[in-house]
Amino acid sequence: MEYINNELCLGPLKKPLLPLVANYMRPIYVYDLDFIAQRFNAMAAALKGVRLFYAMKANSNPGVLQKLKSLGAGADVVSLGEIKRALECGFQPQDIVYSGVGKTKFEISEALKLGIYQINVESLPELERIGKIAREMGKKAAVALRLNPDVDIKTHPYIATGLKDNKFGMELSLVPALVDCLKSFTDSISLVGVSLHLGSQMLEFSGYEEALQRLKKVFLQLKKEFPDLKKFDFGGGLGIFYDRADLELEESLLRQYAEITLRTLADLNCELQSEPGRWLVAHCGALITQVQYIKETSAKTFVIVDAGMNHLIRPSLYEASHRIEPLKKGPAAAVVDVVGPICESSDFFAKERSLTTVQEGDFLAIMDSGAYGYSMASIYNLQELPLEVCI
Ligand SMILES: Cc1ncc(COP(=O)(O)O)c(C=O)c1O
């Protein structure tokens, strides 16, 4: 992000955002596809030899998906809706890993019909369900066990997924029961992998390394009984900075993460997979919104914009703090709350934030909102969904 002639520009190619609001109708998510390519290529280079399945829950915009597909990504999905979107955007069934704790019978049979590459199983009843459905269909399901090494990666509790009180994955103590179940379905299930995902926004890796070590032991145990086992999926979750633009530091954290992963798993001689989401797309998107009112009270100045928590829920849901920049650089700063039109006090983007002076009609960019932005948007208060533009 940079200002050129006082106009905000996005990404390494410094693409100006002001032209996008020439015929402004409502909030716009803008995604810089060249920036996404830069991030993907950096990750693919650091994680050499690892197959990257983009976690499309982060951003399932067709332009973004097609770009990532063209760069060589597979897709990590969590619903039949995401499978359909991935297929529409050019991914093949063999490019898709299917995760998620609540797969319905219909979703499983559709996935088997399509020949999805790998189903990441999250519970014993799900494994049994897959075994039975595949048997009835005369198919063999390729599954990976999502195991939960019970380590704390110190992130927001709502995005931690690798602890024993999380609903995700399966406890390591369940492995013997899983083995029994797998043995009763040798005709309809092939155990091809193990997987883990500890949570999102990981910026420190000691817990992650510990988790890899624990899962590696399980992989080696399972390998003795299941010769088809050849994939180790180490999840997504690499974090980014929301409070500053420091891509160099992020890339150095990426290299650290890659070094730990590749060193720890090297002697398994297996296929490595990852499911990154946020790291690839968050910085590449911004939410553009228009200032409607400046409201002064005895306690505060509110900048009321036309985007709300229904368009970008991260500040309300996770207390996430996104940088907010005016599209046209203005004079001197004032301390304000930036809030939306939704009838909830949790509808805010920033509190007590120093912001360039803005007026009614000005445009602001809520930065780093390319991940978990539009994909989590709703029509609460019957507000329209934002527009999306790829540049
Ligand atoms: C199973 C799984 N894989 C990958 C991801 C992507 O995580 P991130 O966007 O933090 O990389 C998630 C996110 O929730 C997930 O649940």
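Refer to the structure presented above.
Rules used in this analysis
- Residues numbered from 1 in each chain as written.
- Predicted model: local features only at pLDDT ≥ 70, side-chain atom pairs only at ≥ 80, totals over all residues.
- Heavy atoms only, no water.
- Near = heavy atom within 4 Å.
- Polar contact = N/O pair within 3.5 Å; in protein donor to acceptor, adjacent residues only side chain to side chain.
- Areas by Shrake-Rupley, 256 points an atom, 1.4 Å probe, with all protein chains shown as cover.
- Nonpolar A, V, L, I, M, F, W, Y, C, P; charged D, E, K, R; others polar.
- Disulfide = S-S within 2.5 Å.
- Buried < 20%, exposed > 50% of the residue type's maximum accessible area, 1.4 Å probe, protein only.
- Helix = DSSP H or I, 4+ residues; strand = E, 2+ residues; numbered from the N terminus.
- Contact = heavy atoms within 4.5 Å.

## Here's the deal with the site of the ligand
As a matter of local geometry, the ligand sits amid 13 residues, with S200, G237, E275, R278 and Y372 nearest to it. At a separation of 2.8 Å, an oxygen atom of the ligand approaches a polar backbone atom of R278. Protein contacts shield 91% of the accessible area of the ligand, which totals 400 Å² for the unbound molecule. A class-by-class count of the residues in the shell around the ligand yields three nonpolar, five polar and five charged.

## Observations concerning the state of the cysteines
In protein structure, a disulfide is the covalent linkage between the sulfur atoms of two cysteines. Applying the stated rule across the entire model yields zero disulfides. Distance from the sulfur of C284, which forms no disulfide, to the nearest cysteine sulfur (C390) is 11 Å. For C284, a relative accessible area of 1% gives the class buried.

## Some words on unusual backbone geometry
Even without a glycine there, the phi angle at N6 is positive, about 65°. Overall, the relative accessible area of 45% leaves N6 in the partly exposed class. Positive phi, close to 50°, is recorded for L382, a residue that is not glycine. Mapped onto the elements, L382 comes out in the loop between β19 (363-366) and β20 (387-390).

## Concerning the environment of L222
When you line up the elements, L222 lands in helix α7 (residues 206-225). Its relative accessible area of 2% is what places L222 among the buried residues. Considered as a pair, L222 and W279 are 57 residues apart in the sequence and their alpha carbons are 31 Å apart. When near neighbours in sequence (up to four residues on either side) are disregarded, L222 contacts L145, V175, V179, L191, V194 and L229.

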